[in-house]
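Single-letter residue listing:
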Amino acid sequence: MRGTSAALQPPADAVKPVRHPDAPAPGELLGAHYGECFGCGGEQPHGLHLEARAGDGVSITAEFTVQAAHQGAPGLAHGGVLATALDETLGSLNWLLRTIAVTGRLETDFVRPVPVGTVLYLEAEVTAVAGRKIYSSATGRIGGPEGPLAVRADALFIEVKVDHFIDNGRPEEIRAAMNDPDQVRRARAFEVNP
């Protein structure tokens, strides 16, 4: 982990992450954690529609195609959208730990512009765990896993209880997610939102 700040450096007592035995198998598509999520939800017309797959260990890969609605400067992806893609990818790692966690800190490096129409290929892994703190890093490459590096990030996620969402979310949407008969969708609805 590069970690430009002390907050992103795992402490000496941090441990290697352990993939949960019930985590999706390597290669398995993770799917959206919530339909209305800007990062991965299919119900957001201008969202990223990011698709993540479980990797080996505690890692994932993901892709999204930069659309015209995602641009900042003419013809180029907005930096905030790229940061969102990294955050979404990093947050999806928590599904492999079967932990509810939220972004505590995200540091992003923008290495090169990402044109509209580009497929951004993302790779992320959990690097360490210390109590409720989950340390991870990600990269985004243009066109595929061997493409030029465009963005990278280091992150700290904090494990929370579902009460975090119940106490802070919109009640009608929380109730709808809690009442979903699909147990996997219900659990994933509270996966990565801050």
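On a predicted model such as this, the values are computed, not experimentally measured, just so you know.

### Notes on the environment of Ala32
Here is step 1 of the chain: In this fold, Ala32 is placed in the segment before β1 (51-54).
Here is step 2 of the chain: According to the relative accessible area criterion, Ala32 is partly exposed, its value standing at 34%.
Here is step 3 of the chain: Sequence-wise, Ala32 and Glu43 are eleven residues apart; in three dimensions their C-alpha atoms are separated by 9.8 Å.

### Brief notes about the pairing of strand β4 (residues 119-130)
Here is step 1 of the chain: Where strand β2 (residues 59-65) and β4 come together, seven bridges link them in antiparallel fashion. Considered in β4, the bridge of Glu63 is made with Tyr121.
Here is step 2 of the chain: As paired elements, β4 and strand β5 (residues 133-142) share ten bridges and run antiparallel to each other. Within the sheet, the bridge partner assigned to Val126 lies in β5 and is Ser136.
Here is step 3 of the chain: Between β4 and β5, which follow one another and run antiparallel, lie two residues, and Gly131 among them has a positive phi close to 65 degrees.

### Things to note about the packing of aromatic side chains
Here is step 1 of the chain: Tallied over the full model, the rule gives zero aromatic pairs.
Here is step 2 of the chain: It is Arg98 that lies over the ring of Trp95; its NZ or CZ is 4.7 Å from the centre.

### A few points about the nonpolar core
Here is step 1 of the chain: Core analysis: the largest hydrophobic core is formed by 36 residues, its most contacted members being Leu50, Phe64, Leu90, Val114, Leu120 and Leu122.
Here is step 2 of the chain: Breaking this core down by element, the ones donating at least two residues are β1, β2, α1 (79-92), α2 (94-97), β4, β5 and β6 (149-159).
Here is step 3 of the chain: Excluding residues that lie within four positions of it along the chain, Leu122 makes contacts with Leu50, Ile60, Thr61, Ala62, Phe64, Ala85, Leu86, Thr89, Thr139 and Gly140.
Here is step 4 of the chain: In this structure, Ala128, Ala130, Tyr135 and Leu156 belong to the second largest nonpolar core, which totals six residues.

### Brief notes about the pattern of salt bridges
Here the idea is simple: oppositely charged side chains can pair when their charged atoms come close.
Here is step 1 of the chain: Throughout the structure, instances matching the rule amount to two salt bridges.
Here is step 2 of the chain: Of the charged contacts, one joins Arg105 and Glu107 as a salt bridge, the two residues approaching to 3.0 Å between their closest N and O atoms.
Here is step 3 of the chain: Across the pair Asp109 and Arg152 runs a salt bridge, and its minimum N-O distance is 3.3 Å. Residue Asp109 is found in strand β3 (residues 101-110), and its partner Arg152 is found in strand β6; the two are separated by 43 residues along the sequence.

### Some words on the pairing of β2
Here is step 1 of the chain: Note that β1 and β2 share four bridges and pair antiparallel. Residue pairing for β2: Ala52 is matched across the bridge by Ala62.
Here is step 2 of the chain: Between the antiparallel neighbours β1 and β2 lie four residues, among them Gly57 with a positive phi of about 60 degrees.

The rules we used
Residues numbered from 1 in each chain as written. Predicted model: local features only at pLDDT ≥ 70, side-chain atom pairs only at ≥ 80, totals over all residues. Heavy atoms only, no water. Helix = DSSP H or I, 4+ residues; strand = E, 2+ residues; numbered from the N terminus. Buried < 20%, exposed > 50% of the residue type's maximum accessible area, 1.4 Å probe, protein only. Pairing = 2+ DSSP bridges. Phe/Tyr/Trp six-rings, centres within 6.5 Å; stacked < 30°, edge-to-face > 60°. Lys NZ or Arg CZ within 6 Å of the ring centre and 35° of its normal. Core = buried A, V, L, I, M, F, W, Y, C linked by side-chain atoms within 4.5 Å. Contact = heavy atoms within 4.5 Å. Salt bridge = Lys/Arg side-chain N within 4 Å of Asp/Glu carboxyl O.

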